[in-house]
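Structural overview
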Amino acid sequence: MDLRLFEINVAVRNVDEAVSSYVKLFADLGLGPGQQFEVKKEPIQAKFNRMPLELAGGSKAFLSMMESTAPNSPIDRFIKARGEGLFSLSFKVPDIDHVAKLLNQKGIRTFPQTPIDFLSERTIWIHPSEKVAHGVLLELHEQK
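Overview of the structure. Just so it is clear, the structure is predicted and the values come from calculations on it, not from any experiment.

1. Side note on the overall build of the chain
Check the secondary structure of the chain and you find three helices and eight strands. Along the chain, from the amino end to the carboxyl end, the secondary structure elements read β-α-β-β-β-α-β-α-β-β-β. Its C-alpha atoms give the chain a radius of gyration of 15 Å, near enough to 15 Å, the size a compact globule of 144 residues would have. Considering only C-alpha atoms, the chain reaches an extent of 45 × 40 × 25 Å along its principal axes. Burial analysis of the chain (144 residues in total) assigns 42% to the buried set. Taking the intrachain contacts of the chain between residues at least 6 apart in sequence as the baseline, contacts between residues at least 24 apart amount to 51%. Charge separation in the chain, taken as the distance between the mean sites of 18 positive and 18 negative side-chain charges, equals 4 Å.

2. Brief notes about the pattern of salt bridges
Applying the stated criterion across every chain, the model contains ten salt bridges. One salt bridge connects Arg122 with Glu142, and the closest N-O pair in it is separated by 3.7 Å. Here Arg122, found in strand S7 (residues 121–126), pairs with Glu142, found in strand S8 (residues 137–142); they are 20 residues apart in sequence, far enough to count as distant.

3. Examining the pairing of strand S1 (residues 4–11)
Every other side chain in a regular strand lies on the same face of the sheet, so the side chains alternate between the two faces. Here S1 runs beside strand S5 (residues 85–93); their pairing, made up of seven bridges, is antiparallel. What sits directly across from Val10, in S5, is Leu86. Of the pairings in the sheet, the one linking S1 to strand S4 (residues 60–68) comprises five bridges and is parallel in character. Across the sheet, the residue bridging to Val10 is Met65, located in S4.

4. With respect to the sheet that holds strand S6 (residues 110–118)
With respect to topology, eight strands assemble into an open sheet ordered S2-S3-S4-S1-S5-S8-S7-S6, the strand pairing being mixed. Looking at which strands have only one partner, the edges of the open sheet turn out to be strand S2 (35–39) and S6. Each adjacent strand pair in this sheet contributes to an overall mean axis angle of 25°, direction not counted. Along the sheet, helix H1 (residues 15–26) contacts S2, strand S3 (46–54) and S4; its crossing angle with S3, the most-contacted strand, is approximately 15°.

Conventions used here
- Residues numbered from 1 in each chain as written.
- Predicted model: local features only at pLDDT ≥ 70, side-chain atom pairs only at ≥ 80, totals over all residues.
- Heavy atoms only, no water.
- Helix = DSSP H or I, 4+ residues; strand = E, 2+ residues; numbered from the N terminus.
- Rg over C-alpha atoms; globule rule 2.2 N^0.38 Å.
- Buried < 20%, exposed > 50% of the residue type's maximum accessible area, 1.4 Å probe, protein only.
- Contact = heavy atoms within 4.5 Å.
- Lys, Arg positive; Asp, Glu negative; His and termini not counted.
- Charge placed at Lys NZ, Arg CZ, Asp CG, Glu CD.
- Salt bridge = Lys/Arg side-chain N within 4 Å of Asp/Glu carboxyl O.
- Pairing = 2+ DSSP bridges.
- Axes fitted to C-alpha atoms, helices over the stretch in contact; angles between N-to-C directions.

This is the structure we're talking about:
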């Protein structure tokens, strides 16, 4: 399969508290505190903590806690509207241009319509309001 889960992103009010809670809950099963970093590129201005997960079959993904660092950012608006919770699912694909074209042919709106460079990866998003997304922001990144 060419679609690979990369990251599960959870919007939280406080990254440090959320990471501490998850590590306490799952430390006995091997979850550690992960790596913290900040993204300052609009629109995603946030503090992240990316905790590695091992998936069935030995593949790897990340569980990421995200705290907004800018008023009215997408994460800030999400928390104000819905509270803390699942913000997005991030997937890697081998050819983002091909995937964007397939989605467009199916009538699925992406933003932007063609992939852009975002945080050193070519990326498109499917808005949570698209029926196929079922309320979850879907991120598609080209696998390097």
